[in-house]
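Coordinate inspection notes
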Amino acid sequence: MQGVGATVAVASAGCVGQLRALGGSPSEPASETAAAQFRGDTTRKGVYPERTVPSSVTVDWRIDDLNTGSHTAAKSSPVQAPDGDIVVAGDSGEVWKVSPDGSVRWRNDATDTSRGFHGTPMIANDTVYVGAYDGALYAFDLQSGGQYWRSQVGDAIGSSPGYHDGLVYIAVEYYDPSGGLFALDAITGEVVWQDQRISNHPHSTCAIDREAGRLVVGDNDGKLYGWSYPDHEFLWTYETGGSIKGPIATHDGRAFFGSWSEHVYSVALADGGEEWAFNAGANVMAGPSVEPSTGTVYVGNQDESLFALDAGNGTRLWETDVGGWIIGCPTVTSDHVLVGSYAPKLAAVEKATGEPVWSVEGEGEVTGTPLVTDEAVYFTERASDAHIQGSGGPTGALYRVVADE
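These figures come from a predicted structure and were not determined experimentally. (Residues numbered from 1 in each chain as written. Predicted model: local features only at pLDDT ≥ 70, side-chain atom pairs only at ≥ 80, totals over all residues. Heavy atoms only, no water.)

Okay, the overall build of the protein chain next. Across its full length, the protein chain holds one helix and 34 strands. Radius of gyration (C-alpha) of the protein chain: 19 Å, near the 22 Å computed for a compact globule of 405 residues. For the C-alpha atoms alone, the extent of the protein chain along its principal axes is close to 55 × 50 × 40 Å. A burial count over the protein chain gives 63% of its 405 residues as buried. (Helix = DSSP H or I, 4+ residues; strand = E, 2+ residues; numbered from the N terminus. Rg over C-alpha atoms; globule rule 2.2 N^0.38 Å. Buried < 20%, exposed > 50% of the residue type's maximum accessible area, 1.4 Å probe, protein only.)

Encoded structure:
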């Protein structure tokens, strides 16, 4: 069924809507892995086989004013903190921590840049890390929302941070145009490593594949860049002929990603050699999900199609029309694939066939990646067209969707 719901009154706790600096630094020693990050872990597969979604849903609540701007890049996606709360950032320049009942634990108005935050927060060391369109990486205390530090590393950041072994990895843009990939100390915010060979506004989110010993990121120059990991030796590039906007996923020694060349690719992590290229018939801005148990890649294009592909050879297994452009990543659960679109809606389809199961309409285009927890589905949206055009329509919200019992 189609979910419906109303904006709820939200009880707020603590100091809300202010820029608050704690000083100090995150807790030491730094953890080896993150508690939560975009698409699950540094391989960005986006697959959660232990999660299930209901066969019918309704909107439990929505909280407005997360996204208020007009920039068309995919919006920040929610992540779940270890205590069960939800952390999300918005193009409003705010970072929120929200309880499952819709109470705002804290809200930090962290940056006044016109495009705010688009990257998805990462949580490690009881700290929230996220980059903003002012070119800075921020670290906030998970419990209070107070800001530990702010590291200015470029002119804009639209990607999501990755984390391993005490380092935060982030792709950074410069106005030139050019860009770089940085690793920062998670405790101090100091730059530990950087490589600025990337040539054109990298918006892609990097992947770290520890098993393959590789670090990879895409760029608007159409290239996938590969380094050794953890020693950061530059190794190779792979050219697609179209901008690589989305996150990179890795599995079984290969990188999977889309491009504005209208193709989805599988490339060997060892040497950057092409394994296969699938013609998606339209630009691919979304990052793919890769399911190891079935050997399937799920990815959408900017012509309303969600595809399931054979990860081994790129053969199309099924295709379904979701009614609008897809620029956010799908989330794969035990039996379903969830994806947002310009329709505007969040849709769930059968994983085996692509058959529609349910959809939830939004006020604005659903361009983030949905989060599935044990109890609910959370997603974000862009501000409505009416709001962007100045005619008083709804702003972009954070939604909680639950079983329709």
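Taken as a whole, the protein chain shows an average pLDDT of 93; of its residues, 95% reach a score of 70 or greater. This stretch, residues 1-19, has a pLDDT under 50; its non-local contacts, to residues over four places away or in other chains, come to 48 contacts. (pLDDT = per-residue confidence, 0-100. Contact = heavy atoms within 4.5 Å.)

Turning next to the packing of aromatic side chains. What the rule picks out here adds up to 17 aromatic pairs. Seen in terms of ring centroids, Phe117 and Tyr138 are 5.7 Å apart; in terms of plane orientation they differ by 70 degrees. Their pairing is edge-to-face. Taken together, the residues Phe117 in the loop between strand S7 (104-109) and strand S8 (122-124) and Tyr138 in strand S10 (residues 136-141) connect sequence positions 21 residues apart. Tyr138 matches Phe117 in its accessibility class, with the two residues each being buried. Note on Tyr298 and Trp318: the rings are 6.1 Å apart at their centroids and 45 degrees apart in plane angle, and the pair reads as tilted. Taken together, the residues Tyr298 in strand S25 (residues 296-300) and Trp318 in strand S27 (residues 316-321) connect sequence positions 20 residues apart. Given a relative accessible area of 9%, Trp318 falls into the buried group. Members of the aromatic cluster, connected to one another through ring pairs, are Trp193, Tyr225, Trp227 and Phe234. Across from the ring centre of Trp260, 4.7 Å away, lies the NZ or CZ of Lys245, which sits over that ring. (Phe/Tyr/Trp six-rings, centres within 6.5 Å; stacked < 30°, edge-to-face > 60°. Lys NZ or Arg CZ within 6 Å of the ring centre and 35° of its normal.)

What follows deals with the environment of Phe379. With respect to the helices and strands, the residue Phe379 is situated in strand S33 (residues 377-380). Residue Phe379 is classed as buried on the basis of its relative accessible area, which comes to 1%. A sequence separation of 171 residues divides Phe379 from Ile208, and the C-alpha atoms of the two residues are 25 Å apart. Setting aside anything within four residues of it in sequence, one finds Phe379 in contact with Pro78, Leu346, Val360, Val366, Pro370, Ala397, Leu398, Tyr399 and Val401.

Sheet architecture is open: four strands sit in the order S16-S17-S18-S19, paired in antiparallel fashion. In the strand order of this sheet, the two ends are held by strand S16 (207-209) and strand S19 (234-239), each with one partner. Between one strand axis and the next, the sheet turns by 20 degrees as a mean value, whatever way the strands run. As paired elements, strand S18 (residues 223-228) and S19 share five bridges and run antiparallel to each other. The residue of S19 that forms the bridge with Tyr225 is Thr237. (Pairing = 2+ DSSP bridges. Axes fitted to C-alpha atoms, helices over the stretch in contact; angles between N-to-C directions.)

So, about the pattern of salt bridges. Scanning all chains against the criterion turns up 18 salt bridges. Of the charged contacts, one joins Arg51 and Asp374 as a salt bridge, the two residues approaching to 2.3 Å between their closest N and O atoms. Here Asp374 lies in the loop between strand S32 (371-372) and S33 and Arg51 lies in the loop between strand S2 (16-18) and strand S3 (57-67), a separation of 323 residues in the sequence. We classify Arg51 as buried; its relative accessible area is 17%. Across the salt bridge formed by Asp64 and Arg62, the nearest N and O atoms sit 2.3 Å from each other. Connected through shared salt-bridge partners, Asp83, Asp85, Lys97 and Arg105 make up one network. (Salt bridge = Lys/Arg side-chain N within 4 Å of Asp/Glu carboxyl O.)

As a further point, take unusual backbone geometry. The omega torsion of the bond from Glu28 to Pro29 falls at -5 degrees, within 30 degrees of zero and hence cis. For Pro29, the position within the fold is in the loop between S2 and S3. Between Ala343 and the following residue, Pro344, the backbone shows a cis peptide bond with an omega angle of 0 degrees. Here Pro344 shows up in the loop between strand S29 (336-341) and strand S30 (345-350). Within the chain, His201 stands out as a residue other than glycine whose phi angle is a positive 50 degrees.

Moving on, we get to the sheet that holds strand S9 (residues 127-131). Adjacent strands of a sheet form backbone hydrogen bonds with each other and so pair up, either parallel or antiparallel. With antiparallel pairing, the four strands of this open sheet are ordered in space as S8-S9-S10-S11. Whereas interior strands pair on both sides, the edge strands pair on one side only; in this sheet they are S8 and strand S11 (147-152). Going across the sheet, the axis of each strand differs from the next one's by a mean of 20 degrees, ignoring polarity. Of the strand pairs in this sheet, S9 and S10 are connected by five bridges, and their pairing is antiparallel. Residue pairing across strands places Thr127 opposite Asp141, the latter belonging to S10.

Attention now goes to the side chain of Arg51. Of the polar contacts made by the side chain of Arg51, one reaches the backbone oxygen of Val372; its length is 3.4 Å. One polar contact links Arg51 to Asp374, side chain to side chain, over a distance of 2.3 Å. (Polar contact = N/O pair within 3.5 Å; in protein donor to acceptor, adjacent residues only side chain to side chain.)

The next point concerns the pairing of S7. Bridging between strand S6 (residues 94-98) and S7 involves five bridges; their strand directions are antiparallel. Note on S7: the bridge partner recorded for Val98 is Val104. The hairpin turn running from S6 into S7, its antiparallel successor, is five residues long, and Gly102 in that turn takes a positive phi close to 90 degrees.

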